[in-house]
Amino acid sequence: MSESSNIIALLLNIKESEGLDVDDKLIKECYELQQKYQFDPGRNTVEKMRELVEASLDKAHGQ
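Structural notes, computed from the coordinates. Just so it is clear, the model here is predicted, and its values are computed rather than measured.

It is worth spelling out the overall build of the protein at this point. In terms of helices and strands, the protein carries three helices and zero strands. Mapped in sequence order, the helices and strands of the protein form the string α-α-α. Principal-axis analysis of the C-alpha atoms gives the protein an extent of 35 × 30 × 15 Å. The burial tally for the protein puts 16% of its 63 residues in the buried class. Counting only carbon and sulfur atoms, one obtains 51% of the accessible surface of the protein, whose full area is about 5000 Å². Measuring between centres, the 8 positive side-chain charges of the protein sit 4 Å from its 13 negative side-chain charges.

Here you go:
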């Protein structure tokens, strides 16, 4: 299992143990986004994360 898979598994375990209502796919996408841009000095991950979260919320509310 790769380090990335281990971290995602840990995040999903925390989600379950804390009883959080967050889509697994959203957790994976946010982690992958952060990992992809973590060393990019021109990154705008806050806006990219916002877009992921808003798209997930729109999907959950059927919009």
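Going through the model one piece at a time under the given rule, you end up with zero aromatic pairs. In this arrangement the basic side chain of Lys48 is found over the ring face of Tyr37, its NZ or CZ atom lying 5.2 Å from the centre.

It is worth spelling out helix H2 (residues 24-37) at this point. A rise of 1.5 Å per residue sets the reference length of H2, with its 14 residues, at 20 Å; its end C-alpha atoms lie 20 Å apart and thus fit the reference within 8%. Of the surrounding elements, those touching the buried residues of H2 are helix H1 (3-18) and helix H3 (45-60).

Bringing H3 into the picture now. Residues that lie three or four places apart on an α-helix share one face, since the helix turns once every 3.6 residues. Spanning 16 residues, H3 covers 22 Å between terminal C-alpha atoms, matching the ideal 22 Å at 1.5 Å per step. Just downstream of H3, Gly62 is the residue with a positive phi angle, here 70°.

Quick look at the layout of surface pockets now. A volume near 240 Å³ is recorded for the largest pocket. Looking at the largest pocket, it is lined by 13 residues, and the ones nearest its centre are Asp23, Leu26, Ser56, Leu57 and Lys59. Looking at the lining of the largest pocket, the elements that each hand over two or more residues are H2 and H3. By residue number, the principal contributor to the lining of the largest pocket is H3, which donates seven residues. In terms of residue class, the lining of the largest pocket is built from seven nonpolar, one polar and five charged.

The rules behind these values
Residues numbered from 1 in each chain as written. Predicted model: local features only at pLDDT ≥ 70, side-chain atom pairs only at ≥ 80, totals over all residues. Heavy atoms only, no water. Helix = DSSP H or I, 4+ residues; strand = E, 2+ residues; numbered from the N terminus. Buried < 20%, exposed > 50% of the residue type's maximum accessible area, 1.4 Å probe, protein only. Areas by Shrake-Rupley, 256 points an atom, 1.4 Å probe, with all protein chains shown as cover. Lys, Arg positive; Asp, Glu negative; His and termini not counted. Charge placed at Lys NZ, Arg CZ, Asp CG, Glu CD. Phe/Tyr/Trp six-rings, centres within 6.5 Å; stacked < 30°, edge-to-face > 60°. Lys NZ or Arg CZ within 6 Å of the ring centre and 35° of its normal. Expected span 1.5 Å × (residues − 1). Contact = heavy atoms within 4.5 Å. 1 Å grid on protein atoms, 1.4 Å probe; cavity = no way out; pocket = protein on both sides within 12 Å on 5 of 7 lines; lining within 4 Å. Points joined across faces, edges and corners; volume = space filled by probe spheres on them. Nonpolar A, V, L, I, M, F, W, Y, C, P; charged D, E, K, R; others polar.

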